[in-house]
Amino acid sequence: MMKDGRIAVIGGGSWATAIAKLLLGNCERISWFIRRPERIEEFKRKGHNPVYLSDIRFDTERIDFFSDISDACCDADTIVVAVPSPFFLETAAGIQCDISEKNVVSAVKGMVPGKNMTISEFFAGKFGCHKDNLLVIGGPCHAEEVALERLSYLTIGCRNVDKSREFAGLMSGGSLRTIVSDDVAGIEYAAVLKNVYAIAGGIVSGMKAGDNFMAMLACNAAREMRLFIDAVSPIKRDICLSAYLGDLLVTAYSRFSRNHNFGSMIGKGYSVTAAKMEMEMVAEGYYGTKCIYEINRDSVRVEMPILNAVYKILYKREQPQKAIQGIWDSLR
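Residues numbered from 1 in each chain as written. Predicted model: local features only at pLDDT ≥ 70, side-chain atom pairs only at ≥ 80, totals over all residues. Heavy atoms only, no water.

A.B. asks: I tried to follow the overall build of the protein chain on my own but got confused; where do I start?
C.D. replies: For the protein chain, the helix and strand inventory stands at 15 helices and eight strands. Considered along the principal axes of its C-alpha atoms, the protein chain spans approximately 55 × 40 × 35 Å. Considering the protein chain as a whole, with its 332 residues, one finds that 56% of them fall into the buried category. By sequence separation, contacts in the protein chain at least 24 residues apart represent 71% of the contacts at least 6 residues apart. For the protein chain, the accessible surface area stands at approximately 14500 Å², while carbon and sulfur atoms represent 48% of it. Here the protein chain contributes 40 positive and 39 negative side-chain charges, whose respective centroids are spaced 5 Å apart. (Helix = DSSP H or I, 4+ residues; strand = E, 2+ residues; numbered from the N terminus. Buried < 20%, exposed > 50% of the residue type's maximum accessible area, 1.4 Å probe, protein only. Contact = heavy atoms within 4.5 Å. Areas by Shrake-Rupley, 256 points an atom, 1.4 Å probe, with all protein chains shown as cover. Lys, Arg positive; Asp, Glu negative; His and termini not counted. Charge placed at Lys NZ, Arg CZ, Asp CG, Glu CD.)

Written out as structure tokens, the structure is:
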């Protein structure tokens, strides 16, 4: 049983902080890996994460902090990975113990950099983790709204649905509700794609293209998402469920969406480089755009004009007005 075992949270950012708070609502204690020892000491002294979601208070007596990821993972039965995708490989490289029999929960909203694979695929291949022990956390949910205790929802995916339900029970409570699913691949790819489309939404918002165009963009983005996910993982699914369409909408429109804000700066005239420098946190969609573009180009080959437009803007330095105009006739 997960509740009776030790759970380790990997990561010190806003999403990891929100997840740790949720888990402590249902677990007596947790382990928590934060890379920098000085940040752990400041956390213990202040009773909150000194950098992210600092309004959330913690009973640090119920947390075993680790600055060595192997120690944290060896000590745990369930490992919840919540680091930005650009830092994932560097973080995973520190795991030197056998985790093949442990539950691994991915809360990473991106792909493995340079490998164009999902996080669960990586853990299965690199560490020999059993697919029935691999779980994913999907949206729609912003860490900031969890911190504000606003009504929120998470989707927990695992091929073993009983395990999904068990972990969902550890995340539920208060203002948060959970939904379970067995569509691991669909949830993971949706989490990547919604960030790409949030950048697109931010670009058209920054360009002041208007609500009518934004509505068409979101509608067609959902269509693209369905085409791609159904091609890479052909099972029966309803794209209108919250893990897919709900996560897309909240990320495309919300002021808490760093991907939307990143795109908005580009739409207002910032260069891609300047927008990246301006961002205080990682915009996962920047990296996800390249991964999905390459997967679609090399193997999937479905029609994705919005993805292609975002790729041209971010990686080919095409002017946003030209790229967005180029998809005008494709929207329906």
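A.B. asks: Teacher, can you tell me more about helix α2 (residues 37-46) here?
C.D. replies: For an α-helix, the turn length of 3.6 residues means that residues three or four places apart are oriented alike. Residues of α2 that are buried: R39, I40 and F43. Taken end-on, α2 shows its buried residues confined to a sector of 105°, consistent with a single buried face. On the buried face of α2, the contacting elements are β2 (30-33) and β3 (63-66). Of the residues flanking the end of α2, it is G47, one or two places downstream, whose phi is positive at about 80°. (Arc of directions from axis to C-beta.)

A.B. asks: How do you make sense of the nonpolar core when you look at a structure like this?
C.D. replies: Soluble globular proteins: nonpolar side chains tend toward being buried together. Counting 51 residues, the largest nonpolar core has M225, F228 and F262 as the members making the most contacts within it. Among the secondary structure elements, those contributing two or more residues to this core are α8 (184-206), α9 (211-232), α10 (242-253), α11 (258-267), α12 (272-278), α13 (284-300), α14 (305-315) and α15 (320-327). Per element, the largest residue contribution to this core is 12 residues, and it comes from α8. Those residues in contact with F228, other than ones at most four positions away along the chain, are Y189, L193, I292, I295, N296, V300, V302 and M304. Membership of the second largest hydrophobic core comes to 39 residues, among which are V9, I40, V146 and F167. (Core = buried A, V, L, I, M, F, W, Y, C linked by side-chain atoms within 4.5 Å.)

A.B. asks: Just checking my understanding: could you explain the pairing of β2 for this structure?
C.D. replies: Looking along a regular strand, one sees the side chains alternate between the two faces of the sheet. Side chains I30 and W32 of β2 all project onto a buried face; the interleaved residues S31 and F33 project onto the opposite face, where all are buried too. Judged from the three bridges that link them, strand β1 (residues 7-10) and β2 form a sheet pairing that is parallel. Within β2, the residue paired with V9 across the bridge is W32. Each parallel crossover has a hand, and for β1 linked through helix α1 (residues 14-24) to β2 it is right-handed. Following the chain from β2 across α2 to the adjacent parallel β3, one finds a crossover that is right-handed. (Pairing = 2+ DSSP bridges. Right-handed = clockwise from strand over helix to strand, strands pointing away.)

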